[in-house]
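# Remarks on the overall topology
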Amino acid sequence: MLDAKIPAGPIAEKWDNHKFSIKLVNPNNKRRFTVLVVGTGLAGASAAASMAELGYNVEAFTFHDSPRRAHSIAAQGGINAAKNYRNDGDSIFRLFYDTVKGGDYRSREANVYRLSQVSANIIDQCAAQGVPFAREYGGLLANRSFGGAQVSRTFYARGQTGQQLLLGAYQALAGQVAAGKVTVHNNCDVLDIVVKDGEACGLVIRDLMTGETRAYSGHAVVLATGGYSNVYYLSTNAMNCNVTAAWRAHRRGAAFANPCYTQIHPTCIPASDDFQSKLTLMSESLRNDGRIWVPRDAKDTRSPELVDEADRYYYLEEKYPAFGNLVPRDVASRNAKTVVDKGMGVGPSRNGVYLDFSDVIAADGEQVVREKYGNLFDMYERITGENPYRVPMRIYPATHYTMGGLWVDYNLMTTIPGLYAIGECNFSDHGANRLGASALMQGLADGYFVLPYTIGDYLAEKLGDPVVPTDDPAFTESVTAVEDRTRRWLTVKGSLTVDHYHRELGKIIWEYCGMTRNRAGLEKALNEIPVLREEFRANVKVLGSADTANQSLEKVNRVDDFMELAELKVRDALHREESCGGHFREEHQTEEGEAQRDDGNFAYVAAWQWQNPDKPQKLLAEPLEFEYVKLTQRSYK
Amino acid sequence: MSRMLQLKLRIWRQGGPASRGSFLDVDAHDIPTDASFLEMLDIVNERLLEDGIEPVVFAHDCREGICGTCGLMINGRAHGPELGTATCQLHMRKFKDGDEIVIEPFRAAAFPVVRDLMVDRRAFDRIIEAGGYISAPTGTAPDANEILIPKDVADFSMDAAQCIGCGACVAACPNSAAQLFTAAKLGHLNVLPQGQPERWRRTEAMVETMEQYFGSCTNHGECHTACPKEISLDFIALLNRDYIKAKTKNRRLASQA
């Protein structure tokens, strides 16, 4: 039913064969097409700039006041590439293999192989743009090992790699704006995707400064709108990250794949109180030198430096002697939850574990530690008021990245012809768990090196077709629906705020569909979410008008979509009777408590098809076939 | 442990770009010292909403000090009292019980107020579009290690490149000049080997676009003090030097054409 359009042939030749076999648009004809790109993060900005360079007319949309503020900017650690500059045995195949294994064998081989192939081009492209990557004294690029990888393939720019890569893509985009090939629409919230005769032909936005609703028409629409971690209310995502454009596309017919796959990042600063608005990530690189522990005795409330070595429970080092504190993200996170759930947590709310640097400070001196992690230690102190050179950091896992997203074929096209999804908002490359330094790689691979080729295959057929005019009924119907939906919130005049309902939703989804899940909990969530949603729709309090900047009104549409997504996420988690990567079902674990996959029954992508508001989505399965990677039980002992 | 503060806030409220603004006085009770400044505003906004008053509009997003979206004048200082810290990373433990805090938007002619504390900083995009990039169309790049860049040059470039584009430099400047922002981008690109072919064209175009929107620099240095990334004034010196060079070089090139 779902055709992934994976090209034939050996895996190393698929992408080259495909590039040769897909249709091309003649350079002079590209200017006859308009492509709408939603989102200006790494994927969106790189795609918009690259397509404009090819000659397409591009209209880019962002809800930020500048494209440079997209949340890709916050990525700290780095970007992987199979350059093998360290001479340590890296290769395209190894990066491919590691990514499929790290994803717990729930990603599509052909896509991941292509990702590994183009990874090297990304570094070349970014260096040419002037991204100030870290260098060795000889002037060559530096690398580090990251996220437990056994080769050094990660490129970085201090702890601000995402910022520098995004500024590179933003600047390329600015160059194309100057050349007249891209128009950027700032402060525009995309609230609907317009579909006519089964094909995507435009979108409807609300101008966040003036409140005006407007429609835009194009030959194709590209969504690069990021992930849905904010369904948990508290996550490491920026405050305004949302699922709305992707969800509206889903409601228009785009299948949504694997919504239950969420990555919980192990090293974040624990929540301190109810007023907490977001969680801050501390780079995973800290685990290279910090030791994670809690007191062996849950009743031991001594200050950490007074706890004797024998009374400290270094649970990762004890359980996983080979990898120790460097086990993959999902394993580290689950183990932190286990000790906190046993009442062994530390800190005023007993909701964290120690990440202790005293050994490395004693061995190497404070100065060495300061050089490596100074900016992170400063950030920690600014937020918590505690000095991590003196007392151990307190950390706890937080939602960070979503591997699920809109289903796409090998061309990155969704199940709606003419609608593409790139970067975090699609599902394709990370399976059930993403490896560190791979998100930046995927966003830029899709935007610079995949979509600009594959979109031509669709557009070539449309040569000479005008865009659908925005006074077509398909557009006017959508504009009316968007305006009605927005104005309706102002008439509810309820008693509780949008944030209140968002927090309540977050509590349910974190409790029952967070780091671990079980049938009883998921069934409970499936009862509670619709009740909360109905109450929210009947009792939310939004003040002001739809004709000005109105931040409550912005949020209410987003939370409304999160309410629907949450239900699908839970249903997906309930149906997947196995554990894999970030999806850990307590019923399915090995004797040692590790994730137990069921490859016989669940080696497929679960893509959910919208039916109507009263009828749950229908499951469309895309079987996953593994020809080049052998399926094994992941082990980090 | 979190303590509670009792604060008096004076918050700027303005209905729209063309409206007259005024201060709203708010008694902010029981603000936890562990809250960030923006979380304090969240708490105030939730209480306003409960009282049937529209919440105060303020721009914010990542709350990690990197996206550059937030930015407030706090007691007359851009991003508040703590050096090298964006508004979102400022925490209430830096304030004392009973403090009066005046909260205003970044004020500059080039940054018109959208509503309340939110301003429109699109003029920054115009400066970047004028030349704040290296033209390297996708696919044309040589192998990354064919471009050798001495470590100190890469580090110096990165010192400038880490600008978050928040606009505090403009808000802090008595002339509303954007020299530090523009200089940070020129410093990032003009010292790199990849940035040389367009160096003089870039410098002239960016500086002159900047001057269409912003005031002139008279070397007060307030921008550096306000900058959450503590970007050095040396980059402004570099901008001035490159601009003079660009004017002579570009004129010579033009006369040869």
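Everything here concerns the structure above.
Residues numbered from 1 in each chain as written. Chains lettered and ligands numbered in written order. Predicted model: local features only at pLDDT ≥ 70, side-chain atom pairs only at ≥ 80, totals over all residues. Heavy atoms only, no water.

### Some points on the overall build of chain A
- Helices and strands together make up the secondary structure of chain A, namely 16 helices and 19 strands.
- Relative to the globule expectation of 26 Å for 637 residues, the C-alpha radius of gyration of chain A, 24 Å, shows essentially globular dimensions.
- By sequence separation, contacts in chain A at least 24 residues apart represent 73% of the contacts at least 6 residues apart.
- For chain A, the exposed area adds up to about 21000 Å²; of that, 49% sits on carbon and sulfur atoms. (Helix = DSSP H or I, 4+ residues; strand = E, 2+ residues; numbered from the N terminus. Rg over C-alpha atoms; globule rule 2.2 N^0.38 Å. Contact = heavy atoms within 4.5 Å. Areas by Shrake-Rupley, 256 points an atom, 1.4 Å probe, with all protein chains shown as cover.)

### Topic: the interface of chain B and chain A
- With 78 residues of chain B at the contact, the number on the chain A side is 78 residues.
- For the chain B and chain A pair, buried surface summed over both sides reaches about 6300 Å², with 52% attributable to carbon and sulfur atoms.
- Applying the counting rule to chain B against chain A returns five salt bridges.
- Residue Glu46 of chain B pairs with Arg503 of chain A through a salt bridge whose shortest N-O separation is 3.7 Å.
- For the pair chain B and chain A, the number of links is 47 residue pairs in polar contact (both at pLDDT 80 or more).
- Top contributing element to the side of chain B that touches chain A by residue count: helix H3 (residues 151–161) of chain B, with seven residues. (Buried area = accessible area lost by both parts, 1.4 Å probe. Salt bridge = Lys/Arg side-chain N within 4 Å of Asp/Glu carboxyl O. Polar contact = N/O pair within 3.5 Å; in protein donor to acceptor, adjacent residues only side chain to side chain.)

### Side note on the pattern of salt bridges
- In this structure the tally under the stated criterion is 76 salt bridges over all chains.
- Between Lys507 of chain A and Glu504 of chain A there is a salt bridge; the shortest N-O distance is 3.3 Å. In this pair, Lys507 of chain A and Glu504 of chain A are both assigned in helix H13 (residues 498–513), three residues apart and thus about one turn of the helix distant.
- For Glu504 of chain A, a relative accessible area of 26% gives the class partly exposed.
- Ionic pairing is found between Lys94 of chain B and Glu82 of chain B, a salt bridge with its closest N-O pair at 3.7 Å. Of this pair, Lys94 of chain B sits in the loop between strand E4 (77–78) and strand E5 (100–104) while Glu82 of chain B sits in the loop between E4 and E5; the two residues are 12 residues apart in sequence, bridging distant segments of the chain.
- Look at the salt bridges and you will find they share partners, linking Arg248, Arg251, Arg485, Arg537, Asp560, Asp561 and Glu564 of chain A into a network. (Buried < 20%, exposed > 50% of the residue type's maximum accessible area, 1.4 Å probe, protein only.)

### Thoughts on the packing of aromatic side chains
- Going through the model one piece at a time under the given rule, you end up with 35 aromatic pairs over all chains.
- Ring centres 5.2 Å apart and planes at 65° place the aromatic pair Phe93 of chain A and Phe96 of chain A in the edge-to-face group. Of this pair, Phe93 of chain A and Phe96 of chain A both sit in helix H3 (residues 92–102), three residues apart, which is roughly one turn of that helix.
- Given a relative accessible area of 34%, Phe93 of chain A falls into the partly exposed group.
- Note on Phe96 of chain A: relative accessible area 0%, which makes it buried.
- Look at Phe96 of chain A and Tyr113 of chain A: their rings are 5.2 Å apart centre to centre, the planes differ by 70°, and that puts the pair in the edge-to-face class. Highlighted residues: Phe96 of chain A in helix H3 and Tyr113 of chain A in helix H4 (residues 109–129), separated in sequence by 17 residues. Across the pair, Tyr113 of chain A and Phe96 of chain A agree in class, each one buried.
- Following the ring pairs from residue to residue traces out a cluster consisting of Phe111, Phe124, Phe181, Tyr213 and Phe214 of chain B.
- Over the face of the ring belonging to Tyr156 of chain A we find Arg144 of chain A, whose NZ or CZ atom lies 3.9 Å from the ring centre.
- Taking the ring centre of Tyr314 of chain A as reference, the NZ or CZ of Arg291 of chain A above it sits at 3.8 Å. (Phe/Tyr/Trp six-rings, centres within 6.5 Å; stacked < 30°, edge-to-face > 60°. Lys NZ or Arg CZ within 6 Å of the ring centre and 35° of its normal.)

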